[in-house]
Amino acid sequence: MKYWLGLDCGGTFIKAGLYDAKGKELAIARRNLTIVAPQPGWAERDMPTLWQTAASVIREVLEHNVIAASAVQGLGISAQGKGVFLLDRQGKPLGNAILSSDQRALAQVMAWQQAGIPQALYEQTRQTLWTGHPVSLLRWIKQHQPDRYAQIGSVMMAHDYLRYCLTGELACEETNISESNLYQMERGRYEPALAELLGIGEIVPALPPIVGSAEIAGRVSAEAAALTGLQVGTPVVGGLFDVVSTALCAGLQDETRLNAVMGTWSVTSGITATIASDSGYPFVYGRHAEQGKYIVHEASPTSAANLEWFCQQWGLHDYAQLNRWVAGLPKAGSQLLFAPFLYGSNAGLGLSASFYGMQAFHQREHLVQAIFEGVVFCHLTHLNRMRQRFPQTKALRVTGGPAKSAPWMQMFADVSGLPVELPQVEETGCLGAAMAAMVGTGVFSDFAAAQWALAPRIETVLPDPAAQDAYHRKYQRYQALVTTLQTLQHGDFQEAL
């Protein structure tokens, strides 16, 4: 038998999945990943520990299934995007990695916004500026940690670092690095003038070569083989930005479907062959794994991680109970609102999370329902914008942990008014990464062929017309709450100035 391995590095877990040539999942191994938060608003990761954990899940999935190392034909990696993983000039980790949810560069991003820098960048990069972008963090390091900045030898993202640990080869994978604000989108290459504009021109020599998603970027080294149980020389392909991996597994191929990812981030993605320059809104584009296509997406860290935080505080671990609580309440029947901004916002920099409308009779189930609703409302903000760019949208495909929650998915259908289609894929990150390895090792000619061959079963949730008016009214109240929070935040900034 021949197998392909997919490694998925997310915000809170790292997973290894083993697949045969038909995409059948043999096993998944997963471990928690620790986020280091030495100061408020900071989100870091210990790089050597990340590699050791990755090696452990690979070894675990092979040993648990008694798979010979020679049976693994190739390996791909899917990972969260943005942030920075830095190596020094000797190829050693240069401090902790900084994750995309980090907000230390908030003042720098606000200064850039006031100076009109995002508008100057957009025509070339097709990106907005965010606190967790590589360029924002690099500029912060230059200003606040100049000694560290001077030692930078390589700038990478999560899957680039893990691929380097596996192979010893330096490279940046295109679907991820194309969203760094260092990449000229239509030309498909680094543009040094962008780094100069952002005040980090010195970093250009530290940018590794760009590789494609299915391109063999290196082979497993002897050192990595000893740690993982893989065979020396096993091909490792470029890999995928996790939103691209999920879009592939969700079956997105044209402009009739959008994909909502519910995890740490609220993400809505679509696939297109064209860049629309006259949309009137700065949609974020990235290179898609399929040649000649782009992924367009809206995203913010406003999704299911808010529920995870709540469950940790209350000691709640029975998700079936949460679903029963929400299913047992009238739809949009509570006045309680929740703004899911614990880790960031899609309504303005610096906004904080809040419950509003809480009274003594409210129970835990009302708070859970409000979190469910708040997360869907945040997704709806992105979805409404994306439907302007993709007016042919007929259905929404939803992936991520909450896709297993029947009341949450019914709520999403009711609020959006779209059929919600649920691809029956256990781990889209792992399967997408394995799919890239299959394409790279010649099992499939390209990603389109892989998608057709590995297409998952789809379950559909239809919207309830009777609930739409109630949700519409509550969404209007939610928007009014967000407007009030924006006013308060603006006042805080003015007072600080």
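Small disclaimer: the values here were computed from a predicted structure and weren't measured.

Draft legend 1. Main features of the packing of aromatic side chains. As enumerated under the stated definition, the model contains 11 aromatic pairs in all. Here the aromatic rings of Phe338 and Phe355 are separated by 4.6 Å at their centres, their planes lie at 40 degrees, and the arrangement is tilted. Highlighted residues: Phe338 in strand 20 (residues 337-339) and Phe355 in strand 21 (residues 354-356), separated in sequence by 17 residues. Between Phe377 and Tyr475 the ring centres are 5.3 Å apart and the planes differ by 50 degrees, which places this aromatic pair in the tilted class.

Draft legend 2. Quick look at the nonpolar core. Leu5, Tyr161, Leu162, Val398, Trp408 and Met409 are the most contacted members of the largest nonpolar core, which totals 133 residues. Sorting elements by how many residues they give to this core places helix 13 (residues 364-389) first, with 12 residues. Leaving out residues up to four positions away in the same chain, Met409 has contacts with Met262, Val398, Pro402, Ala403, Val420, Leu422 and Val461. In terms of nonpolar packing, the next biggest core, distinct from the first, is built from 36 residues, Trp130, Cys430, Ala436 and Phe447 among them.

Draft legend 3. Expanded view of the pairing of strand 6 (residues 85-88). Residues of strand 6 alternate between two faces, with Phe85 and Leu87 on one and Leu86 and Asp88 on the opposite face, all of them buried. Looking at chain direction, strand 6 and strand 8 (residues 152-156) are connected through four bridges and run antiparallel. Residue pairing across strands places Leu87 opposite Ser154, the latter belonging to strand 8.

Draft legend 4. Geometry of the UniProt feature "domain: Carbohydrate kinase FGGY N-terminal" (unreviewed entry) in the chain. Annotation from UniProt places "domain: Carbohydrate kinase FGGY N-terminal" (unreviewed entry) at residues 3-249. In residues 3-249, the share of helix is 35% and the share of strand is 24%. The end C-alpha atoms are 18 Å apart.

Draft legend 5. Spatial organisation of the environment of Ala111. By secondary structure assignment, the location of Ala111 is in helix 2 (residues 106-114). Under the relative-accessibility criterion, Ala111 is labelled partly exposed at 37%. Note: C-alpha distance between Ala111 and Ala370 (259 residues apart in sequence) is 34 Å.

Draft legend 6. Representation of the pattern of salt bridges in the model. Taken as a whole, this structure holds 22 salt bridges when the rule is applied. Across the pair Glu60 and Arg31 runs a salt bridge whose closest N-O atoms are separated by 3.2 Å. Residue Glu60 is located in helix 1 (residues 47-64), and its partner Arg31 is located in strand 3 (residues 25-32); the two are separated by 29 residues in the primary sequence. The shortest N-O distance in the salt bridge between Arg257 and Glu421 comes to 2.9 Å. Here the residue Arg257 occupies a position in strand 16 (residues 257-262), and Glu421 occupies one in strand 23 (residues 420-423), the gap between them amounting to 164 residues. The class for Glu421 is buried, based on a relative accessible area of 9%. Here the salt bridges do not stand alone but share partners, grouping Lys15, Arg30 and Glu427 into one network.

Rules behind the numbers
Residues numbered from 1 in each chain as written. Predicted model: local features only at pLDDT ≥ 70, side-chain atom pairs only at ≥ 80, totals over all residues. Heavy atoms only, no water. Phe/Tyr/Trp six-rings, centres within 6.5 Å; stacked < 30°, edge-to-face > 60°. Helix = DSSP H or I, 4+ residues; strand = E, 2+ residues; numbered from the N terminus. Core = buried A, V, L, I, M, F, W, Y, C linked by side-chain atoms within 4.5 Å. Buried < 20%, exposed > 50% of the residue type's maximum accessible area, 1.4 Å probe, protein only. Contact = heavy atoms within 4.5 Å. Pairing = 2+ DSSP bridges. UniProt positions renumbered as here; feature names shortened; annotations may be inferred. Salt bridge = Lys/Arg side-chain N within 4 Å of Asp/Glu carboxyl O.

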